[in-house]
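# Chains, contacts and geometry: an overview
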Amino acid sequence: MSAPNIETIVSLSKRRGFVFPASEIYGGLGSSWDYGSLGVELANNIKNAWWRWLVHERDDIEGLDSSIIQNRLVWKYSGHETTFSDPLVDCRACKGRFRQDKLQDVKCPNEPSVCAGSGKECDLTEAREFNLMFRTTIGAVAAEDDESALAYLRPETAQGIFINFKNVLDTSRRKLPFGIAQIGKSFRNEVTPGNFIFRTREFEQMEMEYFCRPEDAPRLHQEMIDGFQEWFQSLGISGNNLKLYEQTKEELAHYAERTVDILYRYFPEREDEDKQWDELMGIANRTNFDLRTHSKKPEIDGKRINSDSTEDLSYFDEATKERFYPYVIEPAAGVNRLLLAILMDAYTEKTNDKGETRVILKLKPELAPIKVAVLPLAKNKPEIVSLAKQIKKDLQPAMRAVYDDTGGIGKLYARQDEIGTPFCITVDHESLEDNAVTVRDRDTWAQERVKVSELKEHLQKRLQK
Ligand code: ATP
C-alpha cells in the first residue's frame, strides 16, 4: 500500500511535524514550506544516504559545496540568462497565469469554472518566455536596477561544479572517469508551483557531474540510470511506483544528447494512468557543453568564444596524449521530491483488534527520523521513569532515540507508528526486577523481551535490515 494521494501526506505532515506551510501566521507564502522536527531529520537522512552511497561507497566521486550566488557571468555563459525560461500564457477570461507546457495539470483560479480541458472557454494570450532565475543585487550601495550589481540565486547546483572542475581536478589528482557531487538549495521563480513540496520556488538538489571520455558516455549514462532505479528501491520505494521516461528530441535541453527521467507515481488518484506520473529525477548526458562554454579558449570552428573566463577547462589524457573536453553524465534529483515520494510510498494503514484504523509509516530504518522511542509504562513511578531516561541516554550516541511519557501506552505506540519509528521500548514494573524491557516492532506490532545490557546491540542489528 502507499498513500492514496498527496493530500493524505499534507495532513500527516502538518499533524505530526514533518512539513508546515511557510509564513503561516501571515497568511502563508505561495508554495513555500518549512520543515519541522521530523521533516528536517528525514531530509538529513535522505541526503546522508545519497552522499554515503555516491561519494563514500564509490571510489571515484569527490564532494563540493559551492556558493549559491556566483558571478553573473556564470549564468551568461551557461546559457541560463537567455534560455532558462518557461513559456508563459495569461488567460483573459480568468486572469490566471500558466505555464503553456503544463496547461493540462493546472486549474483555473476561477473554480468551479475550470478552464483547463473542460467547460468554459479559455482565452489565452500568445506565449512569452519568462526567465526563472531570481534576481538580486550585491553591495550596500547598489540601486535596485543597477545592472552592474545584478546577481542571481542559482537555479541549479550543477554550474558550481563545472566552474570548479579544474580546482577539484588539480587538488584531487583524479583521472577520468570521475565525478563531483553536491547537495544544496536552488531557486526557480516557477510560474505554477504547487502540489505541496513537489514544485516550489526554493528547493534542494542532489546533483553529481560525472566526467568521462566522450565514447564512454552512453554506457556510463545507462549504468547511472540503472543504478538510480535500484537505489530508489533500496530506500524502500516500490518498483511499481517508479518508471523511466525517455525525453524526446523536442524536449531535450539544447546541451543534452540524451536525458532519461525517473518518474514516481505522485498522483495515484488520477484516472488516466499516464497522468499519475511526474519527474523525481533527471539523468542527462550533457555532452561537453558546460566545460567548453566556461573555457577561455575559442572553439575550433570559431564559435562560442568566451572572452571572460580565465581558465581552459579541457583535460589532458596522459595515456593517449590527447587534450579534450570531457563529456558529463548528470544525475540530478530533488531532495524534496524524493522526500515526498518516500513518505507516500511508506504510508500504510492497518486495523487494530478494536477495529480502529492506524497509520503506519513503513520507512526504511535508515531513513526514519527517530529510530527508537523509550516509553515508561507508569510515569508516576520515579524508578521506571529514571530507568527509561537512562536507557534513552545510553542509546542516543548510537541512534536517534527519544523519551516520551505524554500519553497512555496505546497512544504513544500509535504516534510512533505514524511517524515511522521502527522500535518502541517499554519500561515497566518488571523491568526493575529483571533488567529487561519490551521491544515492539512498528510493522508487525510483535513484542519481544530483551535484556537492557543487550539492547543496543539488539537494536543495531535490527536497524540494519
Ligand atoms: P520539471 O520538469 O519538473 O520542472 P526539471 O526537468 O526542470 O523539472 P531539473 O532541472 O532536471 O528539473 O532538476 C533536477 C531535479 O530537481 C528534478 O528532477 C526535481 O527533482 C528537482 N526540482 C526541479 N525543479 C524543482 C522545483 N521547482 N521544486 C522542487 N524540486 C525541483
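Structural data are supplied above this passage.
So, here's what we can say about the structure.

## Thoughts on the overall build of the chain
Within the chain, the secondary structure is distributed over 13 helices and 23 strands. Here the C-alpha coordinates of the chain stretch approximately 85 × 65 × 50 Å along the principal axes. When each of the 465 residues of the chain is scored for burial, the buried share is 50%. At a minimum sequence separation of 6, the contacts of the chain that also span at least 24 residues come to 64%. For the chain, the accessible area works out to roughly 22,900 Å², and carbon and sulfur atoms hold 47% of it. Between the averaged position of the 65 positive side-chain charges in the chain and that of its 77 negative side-chain charges there is a distance of 3 Å.

## Quick notes on the sheet that holds strand β16 (residues 327–334)
If you trace the 7 strands from one edge of the open sheet to the other, you get β3-β9-β10-β16-β13-β12-β11, paired in mixed fashion. In the strand order of this sheet, the two ends are held by β3 (61–64) and β11 (242–246), each with one partner. For this sheet, the mean inter-axis angle between neighbouring strands, taken without regard to orientation, is 20 degrees. Strands β3, β9 (178–187) and β10 (202–212) of the sheet are contacted by helix α6 (residues 165–172), whose axis makes an angle of about 140 degrees with β9.

## Considerations on the packing of aromatic side chains
Summed over the entire model, instances satisfying the criterion amount to 17 aromatic pairs. Taking 5.0 Å as the distance between ring centres and 75 degrees as the angle between the ring planes, the aromatic pair formed by Tyr264 and Tyr266 counts as edge-to-face. Note on Tyr266: relative accessible area 0%, which makes it buried. Put simply, the rings of Trp53, Phe228, Trp231 and Phe232 touch in pairs and so form one group of aromatic residues.

## Concerning the site of the ligand
As a matter of local geometry, the ligand sits amid 16 residues, with Glu190, Arg199, Thr200, Glu279 and Leu280 nearest to it. One of the side-chain N or O atoms of Arg337 is found 3.1 Å from an oxygen atom in the ligand. Isolated, the ligand exposes 590 Å² of accessible area, and the fraction of that covered by the protein chains is 84%. When contributions to the shell around the ligand are tallied by element, the ones reaching two or more residues are β10, β13 (278–285) and β16. Here the shell around the ligand is composed, by residue class, of 6 nonpolar, 4 polar and 6 charged.

## Re the side chain of Thr157
Relative to the helices and strands, Thr157 is located in the loop between β8 (150–152) and α5 (158–162). The contact partners of Thr157, leaving out residues within four places of it in the chain, are Gln182, Gly184, Lys185, Ser186, Gln205 and Glu207.

## Overview of helix α2 (residues 37–56)
Helix length check: α2, at 20 residues, gives a terminal C-alpha distance of 27 Å against a target of 28 Å (1.5 Å per residue), a fit within 8%. Residues of α2 that are buried: Leu38, Gly39, Leu42, Ala43, Asn45, Ile46, Lys47, Ala49, Trp50, Leu54 and Val55.

## Concerning the sheet that holds strand β20 (residues 401–403)
Read across the open sheet, the 5 strands follow the order β20-β19-β21-β22-β23; overall the sheet is mixed. The sheet is open, and its two borders are formed by β20 and β23 (447–451), each paired with just one other strand. Each strand axis lies, on average, 25 degrees off the axis of its neighbour in the sheet, ignoring direction. Inspection of the sheet shows strand β19 (residues 372–376) paired to strand β21 (residues 423–427) by 5 bridges, in the parallel sense. Note on β21: the bridge partner recorded for Leu375 is Thr426. Against the sheet, helix α13 (residues 455–463) makes contact with β19, β21, β22 (436–441) and β23, and its axis sits at roughly 10 degrees relative to β22, the strand it touches most.

## Details of unusual backbone geometry
The step from Leu176 to Pro177 runs through a cis peptide bond, and the omega angle for that step is -5 degrees. At Arg173, a residue that is not glycine, the phi angle is positive and equals roughly 55 degrees. Its location among the elements puts Arg173 in the loop between α6 and β9. Even without a glycine there, the phi angle at Asn195 is positive, about 60 degrees. Residue class for Asn195 comes out partly exposed when judged on its relative accessible area of 38%.

## Digging into the environment of Gly79
Looking at the secondary structure, you find Gly79 in the loop between α3 (72–77) and α4 (80–83). Sequence separation of Gly79 and Thr293 is 214 residues, and the distance between their C-alpha atoms is 8.9 Å.

## Description of the pairing of β10
Burial analysis of β10 places 10 of its 11 residues in the buried class, which makes it a mostly covered element. Two elements, β9 and β10, share 10 bridges in a ladder whose sense is antiparallel. When the bridges of β10 are listed, Gly184 appears paired with Gln205. Relative to β16, β10 runs antiparallel, the two sharing 6 bridges. Its bridge partner being in β16, Cys212 is matched across the sheet by Tyr327.

## A short note on the packing of α2 against helix α7 (residues 217–234)
Working note: a packed helix pair is described by the angle between its axes plus the distance between those axes. The interhelical angle for the contact between α2 and α7, taken along N-to-C directions, is 140 degrees, at an axis separation of 12 Å. It follows that α2 is oblique to α7 by the angle criterion. As for how α2 packs across α7, the hand of that crossing is right-handed. Of the residues in α7, those touching α2 at Ala49, Trp50, Trp53 and Leu54 are Gly227, Phe228 and Trp231. Within the contact of α2 with α7, the residues separate by chemical class into 6 nonpolar, 1 polar and no charged.

## A few points about the pattern of salt bridges
Counted according to the given criterion, the structure contains 38 salt bridges. Residue Lys14 pairs with Glu24 through a salt bridge whose shortest N-O separation is 3.0 Å. With Lys14 in helix α1 (residues 6–16) and Glu24 in the loop between β1 (19–21) and β2 (33–35), this residue pair connects regions lying 10 residues apart in the sequence. Of the residues examined, Glu24 reaches a relative accessible area of 40% and is grouped as partly exposed.

## Details of α7
The end-to-end C-alpha distance of α7 is 25 Å, a good match for the 26 Å that 18 residues give at a rise of 1.5 Å each. Taken together, the buried positions of α7 are occupied by Ala217, Leu220, His221, Met224, Ile225, Phe228, Trp231 and Phe232. Along the axis of α7, the buried residues cluster in a sector spanning 145 degrees; they form a single face. Downstream of α7 by one or two residues, Gly236 has phi in the positive range, about 105 degrees.

So, how was this worked out
Residues numbered from 1 in each chain as written. Predicted model: local features only at pLDDT ≥ 70, side-chain atom pairs only at ≥ 80, totals over all residues. Heavy atoms only, no water. Helix = DSSP H or I, 4+ residues; strand = E, 2+ residues; numbered from the N terminus. Buried < 20%, exposed > 50% of the residue type's maximum accessible area, 1.4 Å probe, protein only. Contact = heavy atoms within 4.5 Å. Areas by Shrake-Rupley, 256 points an atom, 1.4 Å probe, with all protein chains shown as cover. Lys, Arg positive; Asp, Glu negative; His and termini not counted. Charge placed at Lys NZ, Arg CZ, Asp CG, Glu CD. Pairing = 2+ DSSP bridges. Axes fitted to C-alpha atoms, helices over the stretch in contact; angles between N-to-C directions. Phe/Tyr/Trp six-rings, centres within 6.5 Å; stacked < 30°, edge-to-face > 60°. Near = heavy atom within 4 Å. Polar contact = N/O pair within 3.5 Å; in protein donor to acceptor, adjacent residues only side chain to side chain. Nonpolar A, V, L, I, M, F, W, Y, C, P; charged D, E, K, R; others polar. Expected span 1.5 Å × (residues − 1). Parallel < 35°, antiparallel > 145°, perpendicular 65-115°, else oblique. Left-handed = near helix turned anticlockwise from the far one by under 90°. Salt bridge = Lys/Arg side-chain N within 4 Å of Asp/Glu carboxyl O. Arc of directions from axis to C-beta.

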